[in-house]
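Spelled out, the chains give:
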Amino acid sequence: MTLEEAKSRIEELRRLIEYHNYLYYVLDNPEITDEEYDKLFRELVELEKAFPELITPDSPTQRVGAPPATQFAQVRHEVPMLSLDNAFTHEDLIAFDQRIKRALSTDKVNYYCEHKLDGLAVSLIYRDGLLVQGSTRGDGYYGEDVTNNLRTIKTIPLRLKGTHVPPLIEIRGECFMMLKDFEALNEERMQKGEPLFANPRNAAAGSIRQLDPSVTAQRKLYFMPYGFGAVEGITFETQEQFLEHCKEWGFRVNEHNTKAKGIHEAIAFADYWTSHRYELPFPADGVVIKVNDLALWPVLGTTARAPRYAIAYKFPAEEKETRVEDIIFQVGRTGSITPVALLTPVVLDGATVSRATLHNFDYLRAMDVRKGDYVKVRRAGMVIPEVLGVLTEKRSGNEVIVEPPSQCPVCGGPVMWEGAYLKCMNIACPAQLKGHLLHWASRDAMDIDGLGESLVEYLVDSGLVKDVAGLYTLSIADLLTVPRLAERSATKIYQNIQASKERPFFKVLYGLGIPRVGLKTAQVLAEQFRNMDNILNATVDDLIGVEGIGRDTAEVIVKALQSYKVRELINKLRALGLKMEQERIEGPLSGLTFVFTGSLASMSRSDAGKLVQSLGGKVAGSVSKRVDFVVVGSDPGSKLERARELGLKIIDEEEFLKMVGRR
Ligand code: IVH
């Protein structure tokens, strides 16, 4: 095939593929089968491989071509991406209408009504019709450059279609996941033992803020436009007309958007969707009502936070009545025992709910929820439903008051009160052990990929693992007894477990799950005490000297470290070869301690801290005589004054960058 022939076939294939993408994703009306589509796509991939000089940024193959990034670049929004004011009642909407009428000295305003899509706001910049940049909203002024991730979304045109393509237009809209795709994704994650997304918004945001675009490409994301930012060479009269253009350019526009003559029609739209919201295939948490005539927008203006020409009416969280069939006790990973109401299932905000948290025993007592009671429930923040109150008028007298258990409901071990929380004291409790294993495997601790919830469940229930140390004596053969775990995955998990032996000491310390020892405290302890024996021998007073540790915390830590079980576990881990000592990094900053105050222009304070540590230096959180350098950024805090009092060496960012070899 000649270059000319390849070029013309490539162009034809691109046209065909984008056309079928459009039919499938935007119009929901495909003409060809998936196999036929794949065939076209593969042909294009092959041709581009043979003629790489013909690859263009708007080729459909480029939707997934980008390599993983190490971080996102910052993007400044020329026109800030504002937020919306909220309305919760009809009165709020009427007040909004009155404010507008007063400001415009008119008694008639037409509105445009849209759903408030619940995903992630993004901005797409098109120059001469070509998608050149996509970014997140961020704080409204600065966002993250996620162009390569957004390219993977089929409802985002890589090149605008139609006859009215302006030289510049910034399209703003929402990226989201369809509800059924969200549920399927969570189902899949549950199977794999991966953490679930709390709601479709988190799933969309998590998928877009992925460093590896190929991960984003696997998530089923959609985009729908609702506004514009920077624009040159075209004007729109109304919001409706702007969205008509979007349709022509190839976007999928929400088909339910409606014009309203006056606020009462807009209120009718809001009411209609309040009761019909569960019929929508996408996540919406309200409706947005906008003045339709764009010429009025600059007259109305914006506040620092939100425009005055639009308002978001939030759907009320659905509350329903149901019956408490039982009250059970759940044991969490730290041993806390939580009362949970088992409910006669009800559908709430589109999901079936059959249990609700009662938080703790103080709450249970204050609410006086009894077994057999009728209660009002609501889904809090889309996930954990909660009991709002008891319908005492419905009591028959046969309801049963449930007392806190006198022993752990999972292991039968002893329990003790810690404030409102009852805790299981047996650290070998299977419920706690499962929690501990998940904590041990978590990213901040030993970071063992593949050791998720369902695997942990099996390992504990089958008796294969009796404590954290037991992970390291698991063989591949042991792992192969796990139902549905393929040999490749078993081998990979085995390797990941073994590789975790190399994690630094502070991670081991954090992984032990000692109460009050979070990641930061583990780091500081490792840094100051250098090894496990010093920490085990430390007294309350020794610990109080450590940054961020008060008497109360010091006492809790020392007590936990006295526990025979903890000491036994540490000994086993030591024998297995895990790191029990802080490694000294020898580097240009060895022996030097830094303190940062104010914000740095070139990096975050935490990145600066990591940089210092990677070069052998130490970072302190507060100023003392032991500090060698105080690095001062803009808007420094009181640390600067204190440093001056102590006569410490104070340097600016520029000098710091020179010291670390970045200048
Ligand atoms: S208009 C100037 N329309 O809501 C503000 N926003 O609270 C322009 N959102 O960050 C926003 N659906 O992510 C607008 N139909 C819609 C929307 C919508 C969802 C989100 C958007 C924005 C947030 C504002």
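Residues numbered from 1 in each chain as written. Predicted model: local features only at pLDDT ≥ 70, side-chain atom pairs only at ≥ 80, totals over all residues. Heavy atoms only, no water.

## Describing the sheet that holds strand E20 (residues 618-619)
Stage number 1. What the 4 strands build is an open sheet, ordered E20-E19-E21-E22; its pairing is parallel. Of all strands in the sheet, those with a lone pairing partner are E20 and strand E22 (649-652), marking the two edges.
Stage number 2. Judged from the 2 bridges that link them, strand E19 (residues 593-597) and E20 form a sheet pairing that is parallel. Its bridge partner lying in E20, Thr-593 is registered against Lys-618.
Stage number 3. In the packing of helix H22 (residues 605-614) onto the sheet, contacts are made with E19 and E20, and the angle to E19 comes to roughly 170 degrees. (Pairing = 2+ DSSP bridges. Helix = DSSP H or I, 4+ residues; strand = E, 2+ residues; numbered from the N terminus. Contact = heavy atoms within 4.5 Å. Axes fitted to C-alpha atoms, helices over the stretch in contact; angles between N-to-C directions.)

## Overview of helix H6 (residues 200-208)
Stage number 1. Within the sequence span of H6, burial applies to Pro-200, Ala-203, Ala-204, Ser-207 and Ile-208. Viewed along the axis of H6, the buried residues span an arc of 120 degrees, placing them on a single side of the element. (Buried < 20%, exposed > 50% of the residue type's maximum accessible area, 1.4 Å probe, protein only. Arc of directions from axis to C-beta.)

## Some points on the pairing of strand E12 (residues 319-331)
Stage number 1. Where E12 lies against strand E15 (residues 374-379), 5 bridges are found, and the strand directions are antiparallel. By the bridge assignment, Thr-322 is partnered in E15 with Val-375.
Stage number 2. The sheet contact formed by E12 and strand E13 (residues 336-348) spans 7 bridges and is antiparallel. Bridge pairing in E13 places Phe-329 opposite Pro-339.

## A closer look at the packing of helix H20 (residues 551-562) against helix H21 (residues 564-575)
Stage number 1. Across the interface, H20 lies against H21 with an axial gap of 5 Å and an inter-helix angle of 70 degrees. In this view, H20 runs roughly perpendicular relative to H21, as classed from their interaxial angle. Facing H20, whose interface residues are Ala-560, Leu-561 and Gln-562, H21 presents Tyr-564, Val-566 and Arg-567.
Stage number 2. Looking at the contact of H20 with H21 residue by residue, the classes come out as 4 nonpolar, 1 polar and 1 charged. (Parallel < 35°, antiparallel > 145°, perpendicular 65-115°, else oblique. Nonpolar A, V, L, I, M, F, W, Y, C, P; charged D, E, K, R; others polar.)

## What about helix H1 (residues 3-26)?
Stage number 1. Relative to the 34 Å expected for 24 residues at 1.5 Å per residue, H1 spans 33 Å between its end C-alpha atoms, a close match to the ideal helical length.
Stage number 2. Buried residues of H1: Ala-6, Ile-10, Leu-13, Arg-14, Ile-17, His-20, Asn-21, Tyr-22, Leu-23 and Val-26, and no others.
Stage number 3. Residues of H1 that are buried make contact with helix H2 (34-50) and helix H8 (239-249).
Stage number 4. Downstream of H1 by one or two residues, Asp-28 has phi in the positive range, about 60 degrees. (Expected span 1.5 Å × (residues − 1).)

## Regarding the confidence of the model for the protein chain
As a general rule, the predicted coordinates of low-pLDDT regions are not to be interpreted in detail.
Stage number 1. Residues at a pLDDT of 70 or more form 99% of the protein chain, whose mean pLDDT is 91.
Stage number 2. Predicted confidence in the protein chain is weakest over strand E14 (residues 351-357), with a mean pLDDT of 84, and strongest over strand E3 (residues 110-117), with 98. (pLDDT = per-residue confidence, 0-100.)

## Brief notes about the side chain of Glu-170
Stage number 1. Residue placement: Glu-170 occurs in strand E7 (residues 168-177).
Stage number 2. Taking the relative accessible area as the measure of exposure, Glu-170 reaches 3% and is therefore buried.
Stage number 3. Engagement of the side chain of Glu-170 in a polar contact is seen with the side chain of Ser-123, the distance being 2.8 Å.
Stage number 4. Within the structure, Glu-170 has its side chain in polar contact with the side chain of Arg-172 (distance 2.9 Å).
Stage number 5. Leaving out residues up to four positions away in the same chain, Glu-170 has contacts with Ser-123, Leu-124, Ile-125, Gly-227, Phe-228, Gly-229 and Ala-230. (Polar contact = N/O pair within 3.5 Å; in protein donor to acceptor, adjacent residues only side chain to side chain.)

## Side note on unusual backbone geometry
Stage number 1. For Asp-128, which is not a glycine, the phi torsion comes out positive at approximately 45 degrees.
Stage number 2. Among the secondary structure elements, Asp-128 is positioned in the loop between strand E4 (120-127) and strand E5 (130-136).
Stage number 3. Positioned with a positive phi, Arg-530 is a non-glycine residue whose angle comes to about 70 degrees.
Stage number 4. One can find Arg-530 in the loop between helix H17 (519-529) and helix H18 (532-537).

## Notes on the site of the ligand
Stage number 1. Taken together, 14 residues lie near the ligand, and Glu-114, Leu-117, Glu-174, Tyr-226 and Lys-290 sit nearest.
Stage number 2. Leu-84 has a polar backbone atom sitting 3.3 Å from an oxygen atom of the ligand.
Stage number 3. Contact distances for the ligand include 3.0 Å between a nitrogen atom and a backbone N or O atom of His-115.
Stage number 4. Across the complex, the protein chains shield 86% of the 520 Å² of accessible surface that the ligand would expose by itself.
Stage number 5. Residue assignment for the shell around the ligand shows that the elements contributing at least two residues are E3 and strand E10 (284-291).
Stage number 6. No other element matches the 4 residues that E3 contributes to the shell around the ligand. (Near = heavy atom within 4 Å. Areas by Shrake-Rupley, 256 points an atom, 1.4 Å probe, with all protein chains shown as cover.)

## Comments concerning the environment of Phe-51
Stage number 1. Looking at the secondary structure, you find Phe-51 in the loop between H2 and strand E1 (74-76).
Stage number 2. Relative accessible area serves as the criterion here: at 15%, Phe-51 is assigned to the buried category.
Stage number 3. In the structure, Phe-51 is positioned 41 residues away from Ile-10 in sequence and 9.7 Å away in space, judged by C-alpha atoms.
Stage number 4. Those residues within four positions of Phe-51 in sequence are excluded, and the remaining contacts are Met-1, Thr-2, Leu-3 and Ala-6.

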